[in-house]
Amino acid sequence: MQNDRLRNLIHLHFIVFIWGFTAVIGKLISVDALRLVWFRMLIAFLLIGGYILFSKLRFKLSKKSFLWMFFGGIVVALHWFTFFMAIKVSSVSIALATMSIGAFFTSLLEPIWYGRKIIKYEILLGLVVILGLYLIFRVDSANWYGMVIAAISAFLAATFSIINGKLVKTDTPSIISFVELGAGVLFLSIYFLIAGEFNLNFFKVSSRDWLYLFILASICTAYAFIASVKVMRFLTPYTVMLTTNLEPVYGIFMAFIILGENKELNSMFYVGALIILGTVVINAILKNRKKLKKN
């Protein structure tokens, strides 16, 4: 059991690396944030649907689970929209760094969802992450808009993580992903229909953007989506959310190398990154000790 947890923790770190790359791809795609999310969810929905048919998985859900998955799909659609919007109005560095506060939101929401007491060290670690965030990026007043949108995205990500943490205990990850992505596509399609935006211009996408969209939908969504839900069988939502705080570290480095974002990685960046990494390690140690005491 302990080996399963370690293996899934390593797998989660690989997924987080992919998520860091997701932000860079989102910046490279010229399509606006809302259309980007629609295309991403639709392509991933079709890919996962193909995987389910090929694997001959049984599609059996309770009404309660289906409703929660549908709601989760709307939440993830809004999360991705605000995430990519934050990237487009500011930068990859700002959006990813701000997303780190998701761990703090999870430490507050998880006790309410699971009906347990608030764990003090989780709140403390969440606050430490915010300190790391502050050191990683000294916010310019011109970037407040992007940071506020990214903070909303972090809250939605925490909510989504908690919903899936519950669903994965009873349902198959690929089925959960399929329903949630389908719900997200339906939700956004209704919006586009009402807004009258479904026209020829809507589907005018450059070949370069199509390539990036396919990478985004296949590797960064279909694969990472199912894998991230699957690891929740062995890791708590808080551990998952806290580990994802390495996303800004990976993403900012890649943005610096690939996009050439003129953000200097000074000594404070490394201090902030080490603080965030430290919270991940400390959380893992404390969780492990708690399990050993129970056994």
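Above: the structure in question.
Residues numbered from 1 in each chain as written. Predicted model: local features only at pLDDT ≥ 70, side-chain atom pairs only at ≥ 80, totals over all residues. Heavy atoms only, no water.

Chemist: Would you explain the packing of aromatic side chains in this entry?
Modeler: A ring pair, where both rings are aromatic, is described by two values, the distance of the centres and the angle of the planes. On inspection of all chains with the given rule, the structure shows 20 aromatic pairs. Consider the rings of Phe 39 and Phe 203, whose centres lie 6.3 Å apart with planes at 75°: the pair is edge-to-face. One end of the pair, Phe 39, is in helix H2 (residues 33-55); the other, Phe 203, is in the loop between helix H8 (173-195) and helix H9 (207-231), with 164 residues separating them in the sequence. Measuring from ring centre to ring centre gives 4.9 Å for Phe 198 and Phe 202, while their planes differ by 70°; the resulting arrangement is edge-to-face. Judged by its relative accessible area of 29%, Phe 198 is partly exposed. (Phe/Tyr/Trp six-rings, centres within 6.5 Å; stacked < 30°, edge-to-face > 60°. Helix = DSSP H or I, 4+ residues; strand = E, 2+ residues; numbered from the N terminus. Buried < 20%, exposed > 50% of the residue type's maximum accessible area, 1.4 Å probe, protein only.)

Chemist: Would you mind showing me how to read H9 here?
Modeler: Given 3.6 residues per turn, any residue in an α-helix points the same way as the ones three and four places further on. Over its 25 residues, H9 extends 34 Å from the first C-alpha to the last, a length consistent with the 36 Å expected when each residue adds 1.5 Å. Along H9, the largest kink reaches about 35° and is centred on Ala 224. (Expected span 1.5 Å × (residues − 1). Bend = angle between axes of the 7 residues up to and from the residue.)

Chemist: Just to check I follow, could you spell out the side chain of Asp 209 for this structure?
Modeler: Checked against the element boundaries, Asp 209 lands in helix H9. Setting aside residues no more than four positions away along its own chain, Asp 209 makes contact with Leu 28, Ile 29, Ser 30 and Val 31. (Contact = heavy atoms within 4.5 Å.)

Chemist: I tried to follow the nonpolar core on my own but got confused; where do I start?
Modeler: Note that soluble globular proteins tend to have their nonpolar side chains buried in a common cluster. Among the nonpolar cores identified, the biggest contains 79 residues, and Ile 29, Met 41, Trp 80, Phe 84 and Leu 188 are the most heavily contacted of them. For this core, the secondary-structure elements that each account for two or more residues are helix H1 (2-28), H2, helix H3 (63-89), helix H4 (92-98), helix H7 (144-167), H8, H9 and helix H11 (247-259). Of the residues forming this core, the biggest block, 12 residues, is contributed by H9. Once residues within four sequence positions are removed from consideration, Met 41 is found in contact with Gly 73, Val 76, Ala 77, Trp 80, Glu 180, Leu 181, Gly 184, Val 185 and Leu 188. (Core = buried A, V, L, I, M, F, W, Y, C linked by side-chain atoms within 4.5 Å.)

Chemist: I'm lost on a nonpolar patch on the surface in this one. Help?
Modeler: Nonpolar side chains collect at one region of the surface, where Phe 14, Ile 219 and Tyr 223 lie side by side and expose about 280 Å² of accessible area between them. Relative to the helices and strands, Tyr 223 is located in helix H9. Residue classification places Tyr 223 among the partly exposed residues on the basis of a relative accessible area of 34%. (Patch = residues over 30% accessible without salt bridge, like charges linked within 9 Å, V, L, I, M, F, W, Y side chains within 5 Å. Areas by Shrake-Rupley, 256 points an atom, 1.4 Å probe, with all protein chains shown as cover. Salt bridge = Lys/Arg side-chain N within 4 Å of Asp/Glu carboxyl O.)

Chemist: How should I be thinking about the pattern of salt bridges in this particular structure?
Modeler: Side chains bearing opposite charge may pair, as long as their charged atoms lie close to each other. Taken as a whole, this structure holds one salt bridge when the rule is applied. Note that Asp 32 and Arg 35 form a salt bridge whose closest N and O atoms lie 3.0 Å from each other. Taking the relative accessible area as the measure of exposure, Asp 32 reaches 37% and is therefore partly exposed.

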